[in-house]
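A look at the structure
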Amino acid sequence: MADSVTVEAPAKINVGLSVFPRRADGYHDIEGIFTTISLHDSLSVSIIGGKGRECEVDCPSLLLPKKNTFTEAYKAFCVLTGIESSVRVSVDKQIPSGGGLGGGSSDAASFIQSIDSLFGTRLTADQLYGLALSVGSDVPFFMHALLEAGAGHPYAAYVTGRGEQVACLPPKQKLAVRLFLPGVPVSTREAYTWLDDAVSLGKVRHNAFSGKDAWKVEWEKEPGDWRFVNDFTVPVSARHEEIARAVCAMKEAGASFADMSGSGSTVFGVFSG
């Protein structure tokens, strides 16, 4: 059994995202399409032995809090499996933080799969999905990508619930995507607050279609014909005009489709390959 592994954790973009009113538990239901892109973080995970269930995290380019997605994932993993050893994870961050590209969530999914492999715990898919959801709402999508497509392969899905309901869609094999980070990191908490305010004022327009079949039909069109909308774009752009300007710039540069990804602030453009 190996005592270390190095893996890649891909970023994602949301090509369309509807966000519904806050639930009684504080979460929001969503509906949309997520797809992985080639941008990725690299993780090196190793067992360091000894008891204590410690998770040491080395991430030179980003100051992480003591309690983070890695430590929370490892804590949940140890409770589930009974593992008593400690691990170390070194992270080469390429996915910008606060950009709506799911870097932290992707890192968590790849980390969970890595420690399952290193310790030989052979968790079932349902157990892995359960661990993923316990860490964050976007983590199940990345776990599905790992289990259904495999590391390094494109993966797209129709995602609903709070992010835990993931239905695979045919990936776009030649989706040429360019990214622009306006330099205004947006916290997910802030974005949801702004969105809730905008909804109460009737300033948000959801996608004109609903249900997996309708989203799949739209996804299968050429990007220039997409009618996808990201509910976060209007309220977040109202606070950060740089985002709206970046979307316009992408279109002026020849993008077939452009929008903000997730809760922001990264803007993406889809270009003909």
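The preceding data block contains the structure.
Residues numbered from 1 in each chain as written. Predicted model: local features only at pLDDT ≥ 70, side-chain atom pairs only at ≥ 80, totals over all residues. Heavy atoms only, no water.

**Some remarks on the overall build of the protein**
Each helix and strand in the protein was counted, giving eight helices and nine strands. In summary, the protein has a C-alpha radius of gyration of 19 Å against a globular reference of 19 Å for 273 residues, a match within 12%. In terms of its C-alpha atoms, the protein occupies a principal-axis envelope of roughly 55 × 35 × 35 Å. Of all 273 residues assigned to the protein, the portion counted as buried reaches 48%. In the protein, the share of contacts with a sequence separation of at least 24, taken over all contacts with a separation of at least 6, comes to 71%. (Helix = DSSP H or I, 4+ residues; strand = E, 2+ residues; numbered from the N terminus. Rg over C-alpha atoms; globule rule 2.2 N^0.38 Å. Buried < 20%, exposed > 50% of the residue type's maximum accessible area, 1.4 Å probe, protein only. Contact = heavy atoms within 4.5 Å.)

**Quick notes on the layout of surface pockets**
Here the largest pocket defines a volume of roughly 1,400 Å³. Surrounding the largest pocket, 49 residues form its lining, Ser 105, Gly 136, Ser 137, Asp 138 and Thr 188 being those nearest its centre. At the level of elements, strand S1 (4-22), strand S2 (28-51), helix H1 (69-81), helix H2 (103-119), helix H3 (125-135) and helix H5 (188-200) are the ones that each hand at least two residues to the lining of the largest pocket. The element that contributes the greatest number of residues to the lining of the largest pocket is H2, accounting for five residues. Taken together, the residues of the lining of the largest pocket sort by class into 18 nonpolar, 22 polar and nine charged. Considering only enclosed or pocket space, the second largest pocket measures out at about 400 Å³ in volume. What lines the second largest pocket is a set of 25 residues, and nearest its centre among them are Thr 36, Ile 37, Ser 38, Leu 39 and Pro 154. (1 Å grid on protein atoms, 1.4 Å probe; cavity = no way out; pocket = protein on both sides within 12 Å on 5 of 7 lines; lining within 4 Å. Points joined across faces, edges and corners; volume = space filled by probe spheres on them. Nonpolar A, V, L, I, M, F, W, Y, C, P; charged D, E, K, R; others polar.)

**Let's talk about H2**
For H2, spanning 17 residues, the distance from its first C-alpha to its last is 24 Å, which sits close to the expected 24 Å at 1.5 Å a residue. Counting buried positions over the 17 residues of H2 gives 14, a clear majority of the element. One or two residues past the end of H2 sits Gly 120, with phi positive at roughly 65°. (Expected span 1.5 Å × (residues − 1).)

**Remarks on the pattern of salt bridges**
Under the criterion given, the structure shown has ten salt bridges. For Glu 241, the salt bridge identified is with Arg 245, shortest N-O distance 3.6 Å. One end of the pair, Glu 241, and the other, Arg 245, are both in helix H8 (residues 241-252), four residues apart, so they sit about a helical turn from each other. On the basis of relative accessibility, which here comes to 53%, the residue Glu 241 falls in the exposed class. (Salt bridge = Lys/Arg side-chain N within 4 Å of Asp/Glu carboxyl O.)

**As for the packing of H1 against H3**
Axis separation between H1 and H3 bottoms out at 9 Å; the angle between their running directions is 140°. Considering the angle they form, H1 stands oblique to H3. Note on packing geometry: the crossing formed by H1 with H3 is right-handed. Counted together, Thr 69, Ala 73, Ala 76, Phe 77 and Leu 80 of H1 and Gln 127, Leu 131, Ser 134 and Val 135 of H3 form the full contact between these two elements. In terms of residue class, the contact of H1 with H3 is made up of six nonpolar, three polar and no charged. (Axes fitted to C-alpha atoms, helices over the stretch in contact; angles between N-to-C directions. Parallel < 35°, antiparallel > 145°, perpendicular 65-115°, else oblique. Left-handed = near helix turned anticlockwise from the far one by under 90°.)

**Here's the deal with the side chain of Ser 265**
By secondary structure assignment, the location of Ser 265 is in the loop between strand S8 (257-260) and strand S9 (267-271). Only 3.0 Å separates the side chain of Ser 265 from the backbone oxygen of Val 184, close enough to count as a polar contact. (Polar contact = N/O pair within 3.5 Å; in protein donor to acceptor, adjacent residues only side chain to side chain.)

**A look at the nonpolar core**
Soluble globular proteins tend to bury their nonpolar side chains together. Among the nonpolar cores identified, the biggest contains 59 residues, and Tyr 74, Phe 77 and Phe 111 are the most heavily contacted of them. The greatest single-element share of this core, amounting to seven residues, is contributed by H2. Leaving out residues up to four positions away in the same chain, Phe 111 has contacts with Leu 43, Val 45, Cys 55, Phe 70, Ala 73, Tyr 74, Val 87 and Val 89. Formed by 20 residues, the second largest nonpolar core is a distinct cluster that contains Leu 101, Ala 156, Leu 169 and Val 270. (Core = buried A, V, L, I, M, F, W, Y, C linked by side-chain atoms within 4.5 Å.)

**Let's talk about the environment of Val 87**
With respect to the helices and strands, Val 87 occurs in strand S4 (residues 85-92). Along the primary structure Val 87 and Phe 271 are separated by 184 residues, whereas in three dimensions their C-alpha atoms are 41 Å apart. Apart from the residues lying within four places of it in its own chain, the contact partners of Val 87 are Ser 46, Ile 47, Ile 48, Glu 54, Cys 55, Glu 56, Tyr 74, Phe 111, Ile 115 and Phe 119.

**Section: the sheet that holds S8**
If you walk across this open sheet you meet the three strands as S7-S9-S8, and the pairing is antiparallel. The sheet terminates laterally at strand S7 (176-180) and S8, the two strands that pair on one side only. Each adjacent strand pair in this sheet contributes to an overall mean axis angle of 20°, direction not counted. Pairing analysis gives four bridges linking S8 to S9, with the strands arranged antiparallel. Paired with Met 260 across the bridge in S9 is Val 267. Relative to S9, H8 is tilted by about 10°, and along the sheet it contacts S7, S8 and S9. (Pairing = 2+ DSSP bridges.)

These figures capture arrangement, not role.
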